[in-house]
Amino acid sequence: MSTTPAGDTTRGTTSGTTLRITPAALLGSRRAVHMVERNVYVYRRSWIFLVSGFFEPFFYLLSIGIGMSSLVGPLRVGAETVAYPVFVAPGLLASSAMNGALFDSTFNLFHKLKFAHTYDAVLSTPLTVADVVAGEMGWSLLRSGLYALSFMCAMAALGDARTSWAALCYPEALLVAFAFSAVGMATTTYLRGWRDFEMVMLAIVPMFLFSATFYPLSVYPGWLQAVVRLTPLYQGVALLRGTDLGSFQWAMAGHAAYLAILGLVGLAATRARLGRLLLP
Amino acid sequence: MVAAARGTPGAVASAAAPSAGAQDTALVVARGLVKRFGQFTAVGGIDFEIVPGECFGFLGPNGAGKTSTMRMISCMSPASGGTLRVLGMDPATDGPRIRARLGLVPQEDSLDLELTVLDNLILYARYFDIPKAEARRRAASLLELAQLSERARDKVESLSGGMKRRLTIARALVSQPDLLILDEPTTGLDPQARHLLWDRLYRLKQEGVTLLVTTHYMEEAEQLCDRLVIMDHGRFAAHGTPLELIGRYSTREVVELRFATPREQADALALGETAQRMEVLPDRILLYTADGDAVLAEVHRRGYAPVSELVRRSTLEDVFLRLTGRRLVD
């Protein structure tokens, strides 16, 4: 038993390279797939929790889109005038991507980190911290992808998708999820107890409410507009709304770059922090 | 006593492997290994080698540095100084490749509570890139070995402490490791579960699996370990086979005497001259000697009447307490 090296099962590992933080190493090795596999195993037996997230977008679109549109008239966006549901749908898609990503990366990660000690076992196998981070990110994106898809189906069904450009909202929603997932994970590594989540909510709720999701940025005074423009959710909302309406501007490339960089920085920070926490 | 059978000749100067040239084949080689956490030195420069097929024990009180050493060997904690080679590789750069060939049983069970017993094994095998069909096959046979086949579909949460421990050991074996590292495998188990586990470990050893065990059950160490080190304050206080250690640091037998009153016990202190060494505890006197019956006869001849008297063989526990003291360690 002991004399047979487990060589046949260990082929093709990236060994030393994964210890350095390079963009490639941020993606982990192909073993990261097993981290995704773990989550599939878990949710295979509790798929109902996945399904609940599936219906959430319908509720949002129906309640806010249809409900509010009877009170709010058409809105002017740039040169165009659009109905309220059309205006609000891409904003809701961005917020929903944010919420989904944050739930996984904060509450779920914190539980696995502090209570379930999930990663202690994982790190005693050939998987590395980079694999854990990449795998959890992969799972988070899979899940967000599923929700974004259902949201977009709902948008299409309700006639809120304005142009065929709207299909591009899908990868963009994933980009929003990526950025928030990464920042969420990095933040979670600093949390000491459930109480600290109050602070997290203190950041999320105002962002959700004030990031021009429900009304145009122009309702704010100039200084507040400037503040809101800095928030990551505004970047996501602006990106998705512009795409949905088919009115592209150079600023949108900036929004996308902002989210991508935020995500990469968050991933690198998460890796460094988890390494220190889990492998002291 | 298993260790005697494998007996290594004479006293060893360091915890180096018994046979010459063992360095080339040793699974683990440590030289001046150090682990620091900030100002605190958990492991203060230790040297040892672990050769294929042996059971090597780390004994020591809490905080002696055993777990830190285990974590460094399992590439889950970087060394702060010295050199460490595991399976011929450097843990700092070859972590994944080394861990691919290790089986780890951590001190605290780290089973995946969200999964079933069977899925825990299958998924752990998947972490080692073992194909699914093979993972299922191994999981089934390991569940049998761990006597958990009937609980395969249950959630881990519902298992008893002993079952969880057995599952953790089964999990560590799913990758068919060259070296099995067990950090206090039997702590917190009831005697039945403990004996069942010893039995399993002994069988694994017979199958040729190299074992690295930390424990503070001296009985466990005496039965399982071919060689062991006693660690205290991050250093080795002693090393050798269990029999060597008993021979070197204790006597063949121990006479334990308990007296009715502290005054009687105080009077009995003169008995120290009848033995090689005497230890006075709050409630009894221990006389270390080669011939317990002779000492006991002398005790009676001198007219002492202890309320209880016991002649027993010296154990590793006597060695352990002598070397690490009787003070309480937290």
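Residues numbered from 1 in each chain as written. Chains lettered and ligands numbered in written order. Predicted model: local features only at pLDDT ≥ 70, side-chain atom pairs only at ≥ 80, totals over all residues. Heavy atoms only, no water.

## A short note on the overall build of chain A
Turning to step 1, where the next piece is worked out: When helices and strands are tallied, chain A shows 11 helices and two strands.
Turning to step 2, where the next piece is worked out: Scanning chain A from its N terminus toward the C terminus, one meets helices and strands in the order α-α-α-β-β-α-α-α-α-α-α-α-α.
Turning to step 3, where the next piece is worked out: A total of 280 residues make up chain A; the buried ones form 53% of that total.
Turning to step 4, where the next piece is worked out: For chain A, restricting intrachain contacts to residue pairs at least 6 apart in sequence, the fraction spanning at least 24 positions comes to 78%.
Turning to step 5, where the next piece is worked out: Accessible area of chain A: about 12700 Å², with a carbon and sulfur share of 71%. (Helix = DSSP H or I, 4+ residues; strand = E, 2+ residues; numbered from the N terminus. Buried < 20%, exposed > 50% of the residue type's maximum accessible area, 1.4 Å probe, protein only. Contact = heavy atoms within 4.5 Å. Areas by Shrake-Rupley, 256 points an atom, 1.4 Å probe, with all protein chains shown as cover.)

## Observations regarding the domain arrangement of chain B
Turning to step 1, where the next piece is worked out: Looking at chain B, the domain boundaries give domain 1 (2-240) and domain 2 (251-313).
Turning to step 2, where the next piece is worked out: Centre-to-centre, using C-alpha coordinates, domain 1 of chain B lies 40 Å away from domain 2 of chain B. (Domains from an automatic or database assignment.)

## Concerning the nonpolar core
Grouped burial of nonpolar side chains is what soluble globular proteins tend to show.
Turning to step 1, where the next piece is worked out: Core analysis: the biggest nonpolar cluster contains 108 residues, and Val28, Phe48, Leu167, Leu180, Leu212 and Leu316 of chain B have the highest contact counts within it.
Turning to step 2, where the next piece is worked out: No other element matches helix α5 (residues 117-127) of chain B, which puts eight residues into this core.
Turning to step 3, where the next piece is worked out: Among the nonpolar cores identified, the runner-up in size contains 42 residues, and Ala89, Ala101, Ala177 and Val200 of chain A belong to it. (Core = buried A, V, L, I, M, F, W, Y, C linked by side-chain atoms within 4.5 Å.)

## Here's the deal with the sheet that holds strand β2 (residues 40-50) of chain B
Residues and elements named next belong to chain B.
Turning to step 1, where the next piece is worked out: If you walk across this open sheet you meet the three strands as β2-β1-β4, and the pairing is antiparallel. What marks the edges here is a single partner per strand, and that holds for β2 and β4 (81-86). Geometrically, the sheet is characterised by an average inter-axis angle of 25° between neighbouring strands, direction not taken into account.
Turning to step 2, where the next piece is worked out: Inspection of the sheet shows strand β1 (residues 28-37) paired to β4 by five bridges, in the antiparallel sense. Each bridged residue has a counterpart across the sheet, and for Val29 the counterpart in β4 is Arg85.
Turning to step 3, where the next piece is worked out: Sitting on the sheet, helix α3 (residues 66-73) touches β1, β2 and β4, and the angle it makes with β2 is about 60°. (Pairing = 2+ DSSP bridges. Axes fitted to C-alpha atoms, helices over the stretch in contact; angles between N-to-C directions.)

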